[in-house]
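# Geometric and topological summary
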Amino acid sequence: MKAVMQVTRLIMIEKKNVFLAIVFGFLAAIASVGLLAASGYLISKSALQPPLYTLTATIIAVRFFGLLRAGSRYGERYFSHQATFTMLSHLRTYFYERIEPHAPGIFQKYRSGDLLSRVVGDVESLQYLFLRVVYPPIVMLIVFFSTILFTYFYSLYSALLLFIGFILTGFVIPAWFAVRERYVDANVREKRGDLSAEATELLYGFRDLKIHRQLEKREDEMSRASMDYINEQEKETIHQSYSETINSQIAFLITWFVLLVGAFSVESGQLDGVFLAMLVLISLTVFESATPMASFPSNYESSRHAAERLYTVTAESTPEEPPPHEDAFFMENIEISGHGITFRFPDQPRPVLKGVDFHLPVGSKTAIVGPSGSGKSTLLQMLMKMYPIQEGECSINGSPLNEINKEQLWEHTRIVLQHNHFFYGTIRDNLQIAGSDLADERLAEVLEQVKLDGFSLDDPVYEKGENLSGGEKQRLAIGRAVLKNGSLWLLDEPTSSLDAVTESEIHQLILHHSQDDTLVLVSHQLKGLEWMDQIIVMDGGEIVESGSFETLMAKKGYFYEMKQIEREVLA
Ligand SMILES: Nc1ncnc2c1ncn2[C@@H]1O[C@H](COP(=O)(O)OP(=O)(O)OP(=O)(O)O)[C@@H](O)[C@H]1O
């Protein structure tokens, strides 16, 4: 309910459109009632063969209501859709802005298919919140009350019957179906989320599933998920049809009673017979505005679920982002210190980093090495503010990392991750991520420096860089880092897919470009680290050793042992 209220608040940003949609909706519905009432009266009156001039006013009224209905129906559609689409755009922006600060941590909690279904499907479902949940009861209420008031002047019993019909079709039946709808709708939603997650897994893992001959099994699972979804949708449609059928049956029944009571009233002289057709036609028409109430339960339920699913993602407190540092040169000559850093992934019992201490002086080159899973990448991502500092302290140029603005940090940092994303487009598009105003000459120069001179800037890059080898992708990512400005380099195994000769050349290139910068390189390989000022050795989330290459080799400790093993393996 709280989530629905929050979305309703977003609708209310469009007050003017909402108000006009309701006004025109009311006019259209009341014009329909007026049109049929005037027609009923005209037919009955004409049967009495009065002089033509006595019918003129009624004929004009019929024409007037006809035109009013068409015009206001147009206005109602125009303003209600305007309100809906503007609300959808507010909602998309709001939702994106709320989840963005949680990335990439959000993927630890939600599967990407599920998130996609929330962002697309649930936001889309909310388009009906105004059109089919908020708007119909308001219009129905005003139309019924005006019509009942009008009818009351002719027949008290007909007015009472309309009131009973209003209560039944507007409240009792929708409420009755709403109870069961909760269950039906929850199932549809759950099955849709499952299908979406299955489809995303199949799409992303298609190649691996094919190689491991698991594609058929996965396809079967997806077909099952699809069938489950279809079955639940079918149940929902049947449920909705029942609701609509019963609602219309009640409306017809009430009209029959209006006819019956009207006939008795005419018989007993309480009602002029000329008004009977008018009352019956009013009854038939006024229930048109109750028709949307038949689908109210399902629309309310799907809107409520959609709003709640969206808001559970955004409900987690958004980390407050500090403002950028006032000193424009703050992110130059970078020095980083960490003390007692401990980090645990959500819902994981054991910490990944355990009381890590380090110091990276200005312009230093540091390698972080250690066995797989020792926490190297986690530490690097923490420096990028991808993960928060949970325990301990980490500061850049004396300012705690938690107080540094993310955007400001990234603006001055050259980052190469283990897996970098490549967009569908050209080599140029993918390099220009480093700066959209970079000239072709500069891009071509860097392309050559990273040993990708076989490529032209116009060469295509397929989705996720499918047409590039692992090493080419890494060199393209390093090219981006070289092109970017920033005096901090954070590199996570940037050359792991390169041959020894190219790797050494790329290391030289990085060294050349980062002469005065502070650089952190995560590497699981121990060769080519002689040029580093400092090597931090990690194991099991702890720093077990640190020092220069020479110091560590002379110490004959952990690093020395690892180096010996590497030499034996490569010998
Ligand atoms: N998103 C995550 N959720 C839970 N645990 C994670 C997550 N990412 C990493 N871990 C765990 O944290 C530990 C450290 O991972 P990390 O990627 O930092 O290791 P690493 O030393 O960089 O390994 P590698 O050399 O294989 O890249 C691992 O045990 C890993 O399973």
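The name recorded for the protein chain in an unreviewed UniProt entry is ATP-binding cassette subfamily C protein CydC, from Texcoconibacillus texcoconensis. Regarding the protein chain, the UniProt comment filed under Subcellular location (unreviewed entry) reads as follows: "Cell membrane".

This brings us to the overall build of the protein chain. If you tally the helices and strands in the protein chain, you get 19 helices and 12 strands. Buried residues in the protein chain amount to 47% of all 571 residues. Sequence-distant contacts in the protein chain: of pairs separated by 6 or more residues, those separated by 24 or more amount to 76%. For the protein chain, the exposed surface amounts to about 29,300 Å²; the carbon and sulfur share of it is 59%.

On to the UniProt feature "transmembrane region" (unreviewed entry) in the protein chain. Per the UniProt record, "transmembrane region" (unreviewed entry) is found at residues 20-44, 50-68, 133-154, 160-179 and 250-268. In the segment residues 20-44, helix accounts for 100% and strand for 0%; the C-alpha atoms at its two ends are 36 Å apart. In residues 250-268, the share of helix is 95% and the share of strand is 0%. The end C-alpha atoms are 27 Å apart.

Near the ligand lie 15 residues; those nearest to it are S372, G373, K376, S377 and T378. With respect to the ligand, the side chain of K376 contributes an N or O atom lying 2.8 Å from an oxygen atom. At 2.9 Å from an oxygen atom of the ligand is found a side-chain nitrogen or oxygen belonging to Q418. Against a free-state accessible area of 630 Å², the protein chains account for coverage of 69% of the ligand. A total of three residues in the shell around the ligand trace back to one element, the largest contributor, which is helix 12 (residues 376-383). Per-class residue counts for the shell around the ligand are three nonpolar, nine polar and three charged.

With that settled, consider the confidence of the model for the protein chain. Detailed reading of predicted coordinates is not advised where the pLDDT is low. Within the protein chain, residue pLDDT values average 88, and 96% of them lie at 70 or more. Among the prediction metrics, the complex's ipTM stands at 0.95, with pTM recorded as 0.67.

With a phi close to 45°, N333 is a non-glycine residue in the positive phi region. By the secondary structure assignment, N333 is in the loop between helix 11 (296-315) and strand 1 (336-343). Accessibility expressed as a relative area gives 53% for N333, which makes it exposed.

Here the focus is the pairing of strand 1. Note that strand 1 and strand 2 (residues 353-360) share five bridges and pair antiparallel. Considered in strand 2, the bridge of S337 is made with H359. Relative to strand 4 (residues 391-396), strand 1 runs antiparallel, the two sharing five bridges. Bridge assignment links I336 to a residue of strand 4, and that residue is I396.

Calculation rules
- Residues numbered from 1 in each chain as written.
- Predicted model: local features only at pLDDT ≥ 70, side-chain atom pairs only at ≥ 80, totals over all residues.
- Heavy atoms only, no water.
- UniProt positions renumbered as here; feature names shortened; annotations may be inferred.
- Helix = DSSP H or I, 4+ residues; strand = E, 2+ residues; numbered from the N terminus.
- Buried < 20%, exposed > 50% of the residue type's maximum accessible area, 1.4 Å probe, protein only.
- Contact = heavy atoms within 4.5 Å.
- Areas by Shrake-Rupley, 256 points an atom, 1.4 Å probe, with all protein chains shown as cover.
- Near = heavy atom within 4 Å.
- Polar contact = N/O pair within 3.5 Å; in protein donor to acceptor, adjacent residues only side chain to side chain.
- Nonpolar A, V, L, I, M, F, W, Y, C, P; charged D, E, K, R; others polar.
- pLDDT = per-residue confidence, 0-100.
- Pairing = 2+ DSSP bridges.

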